[in-house]
Amino acid sequence: MKRISSTLTIAAMLTSTAMPAAVQAEADYSKYGIAKDIPGSCSYAAIDAKDYSGQTLNVITHAIPVIGEPTALHAEQFSELTGAEVNVVHVPFGDLFQRIMIPFQSGQNAYDVLFYASLWIGDFNRFLAPVPEAYTASSGMADVTDSFKGVATWNGQMIQYPMDGDRHYLKYRTDVFDNPEMQAKFKEATGRDLAVPTTWEEYNEVASVFSGFDWDGDGELNYGSAEVAKRDDLMFSAFISRAAPYAKHPDVGGGFFFDIETMEPLINTPGFVRGLELFVEAQQAFPPGGTNFGLGDEIFSFGGGQTLMSYSWDDAFIQAQQDGSRIRNAVGAAPLPGAKQVWNRETGEWDSFDEPNRAPYMTWGWSSAVSKESENQEMAFDFLCFFSNEANTFHDLQIGRFGVNPYRDSHFDSAFWQGLGWDADVADSYVTTLSEMEDSTNRVYDLRVPGVGQFMSSMANGVAEALAGQKSPQEALDGVADEWSDIVERIGADRLREAYANVVRLEDNEG
Amino acid sequence: MLKPKHFFLLPALLTLAAIILFPLVFTVRVSFSSWDVYQAGLDFIGGRNYARLFEDTRFWESLLRLSGMSLITVTLQYVLGFALALAVWKKMRGGRIFRVLFLVPMMTTPVVMSVIWRTVFHESLGPANDLLSMVGIGPVPWLSSAAGAFISVVIVEVWQWTPFMFLLLLAGLVSLPREPYLAAAIDGASPARTFWQVTFPLMAPISIGAIIIRLIEASKIMDTVYVMTSGGPGTATETPSYYIYIRGLRDFQVGYSAALSLAYLVLMIITLTIIAKVLMRFLVGKET
């Protein structure tokens, strides 16, 4: 009897907790633009059950549309559902770092929730609240890929809330690569069969052959490659993509940018120099003005059908696949080109590879966090959890300008993308390229250490000097290495080493 | 002796101290600290930032570049502004409309105009190369070559700020006395001679004022460079203001950027004082 009674009690408890959820799950939230609510700890129904009336949440985020627009959208929804007042401040990218850092440094509790570039974790980690277990154990978080959990983790603790996944990969025009006439033209020019480039040398060669003539028959000249080459406009990421396979040896651990033991910069070693030489050479296949292309220009150039190939974040690919795009379903995704000669810094020699060495670049993307000083941490984490709940993320992934890209295992589902009107082979190439990067054991991450802005700004300046012909690649990177040594001295080698260990752990697949 | 009436000055003095002196003194103090992305606060590192500045070739190169850019832009603005002011001053037909039209560039927001000019100079999609191609001139690398980017920035600066020069010089022309012109007419002086021997000398003090004001403004050029070239290609259009912005707000080297700012301020004060004295001596013929 007692057993029956306790069973009934448990059943009653389950019913009493499950019932409202069930009822709420059936509630219609389609007015928020989602297809349907997906049950979970931060679903619409779960958040709807919370009451934050009379409380205020201050959020700082990027300018509209990239990340700024979904922040504003979900803030409004969160406010409607919970009664909280949510103030969102939108800041252009160039000002975002200092607008977050100055209140941190001066001890002001200016913002509860922060959206920012994930590579700033080296600077911000001291000021961020760890993500509570209730959220790290949620179903939404369980689905986040290991690499993006790693990006959110600092010294073994998750302090960033994953809400975006970014990486660089190759995009190319399948209609040109599959065109027999173009294949013949390439064969005639090079003696080789036209294929998707597997090394950066091949990339430059293909780009060069398909530059300066109207290969798509629209009456306008076409070009081989669109790249982010404008100094101070994320060009440092393009350079890392190009240099990585030459400088990241799969059998050599202990640091890509620095030797973690000595904190000696490796930026002027032969692998990086080779990457820069090829970057300089590639300019001949850029469209007019291509050396001044920022990310927006690159997206427009490839996404608008001007260029054959491109590599960077998802945006250009998504742009090409938007409704109404004249190159919709005429594009493909592939891993970044690799290198058959890789610099081994342990032996001080080039090692040859039969199969190109690939070094996928898990470039910085957007992330979010809660300030340690926030007095509304529970509400702040609820907001982030709601922002990135499964229903919202599937909604946001479909809107290119939102800047939210796949970061959960469930996002690597070809059927989802085909549902958006993508051809199966396009969706397959996209999903396969992205998901295979998750499996690589030779990945490169950003230099997530204190003062990353100084390091990247210095590197971008050196690369820009080489691209402009002001210095040779070796001279330019020697100058960068000297500046990096000065920065290490100013910030402190031990402090940097401790931070850099977090990056090296990711690159060396140690968790 | 302090009298009650002196206390009426107190609000103004306090305001002055708050908005001018305090930021200046604070910047001086920050320049002797190592305040950066990791070390927040006012520690004291002596003159280390200033010593570093002397070895910073990028800063000195940007100064040199700015000198050339300012010389070219302000000279062009002065010549064009003077010519336009003379044209309108002579009561040309439709003068009132032109006066307003000439002022439009100056009244637009520099950042917005820079974005529009960047589009104009876009080498694949911009109208500048389209128009040139109609007369058989091949694509000009406006923003992707060092010379092209430099010239593009100069063009935008001249376009935007010539109206300012025009406005000041027109005000000067309107206020000139009529007697010297009557005397010149009676003597049968040609228009050119009247200009060189009457108008230009009479306009010299105003010209110097206008040139100095424009030099001060030109020395702070930042938004045009930021939007159009980001200082590139390479460092071809990097100016001191943009470089200080990078060091201070991008790299967050607050202490070092304060030292750069103060060094730049001192250099500008010295340089502009010398220029003003030289101009006064040669154009007006006396020391200030």
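What counts and what doesn't
Residues numbered from 1 in each chain as written. Chains lettered and ligands numbered in written order. Predicted model: local features only at pLDDT ≥ 70, side-chain atom pairs only at ≥ 80, totals over all residues. Heavy atoms only, no water. Patch = residues over 30% accessible without salt bridge, like charges linked within 9 Å, V, L, I, M, F, W, Y side chains within 5 Å. Areas by Shrake-Rupley, 256 points an atom, 1.4 Å probe, with all protein chains shown as cover. Salt bridge = Lys/Arg side-chain N within 4 Å of Asp/Glu carboxyl O. Helix = DSSP H or I, 4+ residues; strand = E, 2+ residues; numbered from the N terminus. Buried < 20%, exposed > 50% of the residue type's maximum accessible area, 1.4 Å probe, protein only. Contact = heavy atoms within 4.5 Å. Polar contact = N/O pair within 3.5 Å; in protein donor to acceptor, adjacent residues only side chain to side chain. pLDDT = per-residue confidence, 0-100. 1 Å grid on protein atoms, 1.4 Å probe; cavity = no way out; pocket = protein on both sides within 12 Å on 5 of 7 lines; lining within 4 Å. Points joined across faces, edges and corners; volume = space filled by probe spheres on them. Nonpolar A, V, L, I, M, F, W, Y, C, P; charged D, E, K, R; others polar. Expected span 1.5 Å × (residues − 1). Bend = angle between axes of the 7 residues up to and from the residue. Pairing = 2+ DSSP bridges. Axes fitted to C-alpha atoms, helices over the stretch in contact; angles between N-to-C directions. Buried area = accessible area lost by both parts, 1.4 Å probe. Parallel < 35°, antiparallel > 145°, perpendicular 65-115°, else oblique. Left-handed = near helix turned anticlockwise from the far one by under 90°.

Visitor: I'm lost on a nonpolar patch on the surface in this one. Help?
Guide: Residue and element names in this part refer to chain B. A cluster of nonpolar side chains, namely Leu2, Phe7, Leu9, Leu10, Leu13, Leu14, Leu16, Ile19, Ile20, Leu21 and Val25, defines an oily patch on the protein surface of about 1100 Å² accessible area. Counting through the fold element by element, isoleucine 19 comes out in helix α1 (residues 10–31). A relative accessible area of 57% means that isoleucine 19 is categorised as exposed.

Visitor: Teacher, can you tell me more about helix α17 (residues 390–397) of chain A here?
Guide: An α-helical segment advances 3.6 residues per turn. Residues three or four places apart therefore align on the same side. Residue and element names in this part refer to chain A. Counting buried positions along α17 yields seven of eight residues, so the element is predominantly enclosed. If you check which residues of α17 are buried, you get Glu390, Ala391, Asn392, Thr393, His395, Asp396 and Leu397. Considering only its buried residues, α17 is in contact with α2 (44–48), α3 (68–82), α7 (139–142), α16 (377–387) and α18 (414–418). For α17, the side-chain oxygen to backbone nitrogen distance between the N-cap and alanine 391 is 3.1 Å, and the N-cap itself is asparagine 389.

Visitor: Could you clarify how one ought to interpret the confidence of the model for chain A in this entry?
Guide: Any segment with low pLDDT has predicted coordinates that should not be analysed in fine detail. Here chain A averages 92 in pLDDT, and 95% of its residues register 70 or above. Overall, residues 1–25 of chain A carries pLDDT values under 50, and its contacts beyond four positions in sequence, including any with other chains, amount to six contacts.

Visitor: When you look at the layout of surface pockets in this model, what are you seeing that I'm missing?
Guide: One way to see where empty space is left: roll a probe the size of a water molecule over the atoms. Estimated volume of the second largest pocket: approximately 1000 Å³. Lining the second largest pocket are 41 residues, with Glu483, Asp486 and Arg490 of chain A together with Arg52 and Arg247 of chain B sitting closest to its centre. Contributing elements (two or more residues each) for the lining of the second largest pocket: α20 (452–467) and α21 (473–491) of chain A together with α2 (48–54), α3 (57–89), α11 (240–250) and α12 (254–284) of chain B. With ten residues, the top contributor of residues to the lining of the second largest pocket is α21 of chain A. For the lining of the second largest pocket, a count of residues per class yields eleven nonpolar, 13 polar and 17 charged.

Visitor: Even after reading the chapter, I still don't get the pattern of salt bridges, so can you show me in this structure?
Guide: Oppositely charged side chains may form a pair once their charged atoms are brought near each other. Residue and element names in this part refer to chain A. Under the defined criterion, the tally for this structure stands at 24 salt bridges over all chains. The salt bridge involving arginine 326 is made with aspartate 216; its shortest N-O contact spans 3.5 Å. On the criterion of sequence distance, the pair formed by arginine 326 in the loop between α15 (315–320) and β12 (331–334) and aspartate 216 in the loop between α11 (200–209) and β8 (223–226) is long-range, its members being 110 residues apart. Looking at aspartate 216, the relative accessible area reads 23%, which means it is partly exposed.

Visitor: Whenever I open this one, helix α22 (residues 493–507) of chain A confuses me. Can you help?
Guide: All names here are of chain A. Given a rise of 1.5 Å per residue, 15 residues ought to cover 21 Å, and the 20 Å separating the end C-alpha atoms of α22 matches this to within 8%. Most pronounced at tyrosine 500, the bend in α22 amounts to some 30°. Here α22 has its buried residues at Leu496, Ala499, Tyr500, Asn502, Val503, Val504, Leu506 and Glu507. On its buried face, α22 is in contact with α8 (146–151), β4 (153–154), β9 (258–259), β17 (444–445), α20 and α21.

Visitor: Would you explain the environment of arginine 214 of chain B in this entry?
Guide: Residue and element names in this part refer to chain B. Within the fold, arginine 214 resides in helix α9 (residues 191–218). According to the relative accessible area criterion, arginine 214 is buried, its value standing at 1%. Each C-alpha atom, one on arginine 214 and one on serine 70, is 8.7 Å from the other, the two residues being 144 residues apart in sequence. Contacts of arginine 214, omitting those with residues within four sequence positions, involve Val74, Gln77, Glu157, Trp161, Phe164 and Met165.

Visitor: How should the sheet that holds β12 of chain A be read in this particular structure?
Guide: The pairing of strands in a sheet comes from backbone hydrogen bonds and takes either a parallel or an antiparallel form. Residue and element names in this part refer to chain A. The four strands lie next to each other as β8-β11-β7-β12, forming an open sheet whose pairing is mixed. In the strand order of this sheet, the two ends are held by β8 and β12, each with one partner. The sheet shows a mean angle of 20° between the axes of neighbouring strands, direction not considered. Inspection of the sheet shows strand β7 (residues 169–173) paired to strand β11 (residues 307–312) by four bridges, in the antiparallel sense. Bridged to leucine 170 within β11 is tyrosine 311. Those strands touched by α11 are β7, β8 and β11, and its axis lies near 150° from that of β11.

Visitor: Could you clarify how one ought to interpret the sheet that holds strand β6 (residues 161–162) of chain A in this entry?
Guide: All names here are of chain A. On the basis of which strands lie adjacent, the open sheet formed by five strands has the order β2-β1-β3-β16-β6 and mixed pairing. Two strands in the sheet have a free side with no partner beyond their single neighbour: β2 (85–91) and β6. As paired elements, strand β1 (residues 56–62) and strand β3 (residues 113–117) share two bridges and run parallel to each other. Bridge assignment links isoleucine 60 to a residue of β3, and that residue is leucine 114. Packing of α3 onto the sheet brings it into contact with β1, β2 and β3, and relative to β2 it is tilted by some 175°. On top of the sheet, helix α4 (residues 93–105) reaches β1, β2, β3 and β16 (366–370); it is set at about 135° to β3, its chief contact.

Visitor: Would you explain the interface of chain A and chain B in this entry?
Guide: Accessible area lost upon the coming together of the parts serves often as the stated size of an interface. Facing the 35 residues of chain A at the interface are 34 residues of chain B. Note on chain A versus chain B: buried area summed over both sides is about 2900 Å², and carbon and sulfur give 47% of it. Counting the surface chain A buries against chain B, the share from its top three residues, Gln105, Arg231 and Gln454 of chain A, is 20%. In this structure, the connection of chain A to chain B is made through two salt bridges. Its salt-bridge partner being arginine 231 of chain A, residue glutamate 238 of chain B comes within 2.6 Å of it at the nearest N-O pair. Taken together, the connections running from chain A to chain B amount to 18 residue pairs in polar contact (both at pLDDT 80 or more). Elements with a contribution of two residues or more to the side of chain A that touches chain B: α4, α14 (295–303), α20 and α21 of chain A. With seven residues, the single largest contributor to the side of chain A that touches chain B is α4 of chain A. Here the residues of the side of chain A that touches chain B sort into eleven nonpolar, 13 polar and eleven charged.

Visitor: Would you take a moment to explain the packing of helix α5 (residues 110–120) of chain B against helix α7 (residues 146–174) of chain B for this structure?
Guide: Helix-helix packing: each pair is described by the crossing angle between the helix axes and the interaxial distance. Residues and elements named next belong to chain B. With their axes 11 Å apart at the nearest point, α5 and α7 run at an angle of 135° to one another. By the angle between their axes, α5 is oblique relative to α7. Where α5 crosses over α7, the two elements pack in a sense that is right-handed. Within the contact between the two elements, α5 uses Pro110, Met113 and Trp117 and α7 uses Ile155, Val156, Trp159 and Gln160.

Visitor: Just to check I follow, could you spell out unusual backbone geometry for this structure?
Guide: If a residue is not glycine, its phi is most likely negative; likewise, a peptide bond is most likely trans. Cis geometry is adopted by the peptide bond preceding proline 65 of chain A, which originates at isoleucine 64 of chain A and carries an omega value of 10°. If you trace the backbone, proline 65 of chain A turns up in the loop between β1 and α3. Following glycine 232 of chain B, the chain continues to proline 233 of chain B via a peptide bond in cis, the omega torsion being 0°. Considering the arrangement of structural elements, one finds proline 233 of chain B in the loop between α10 (223–228) and α11. A positive phi angle, near 50°, is found at asparagine 155 of chain A, a position not held by glycine. Looking at the element boundaries, asparagine 155 of chain A is found in the loop between β4 and β5 (157–158). The class of asparagine 155 of chain A is partly exposed, set by a relative accessible area of 46%.

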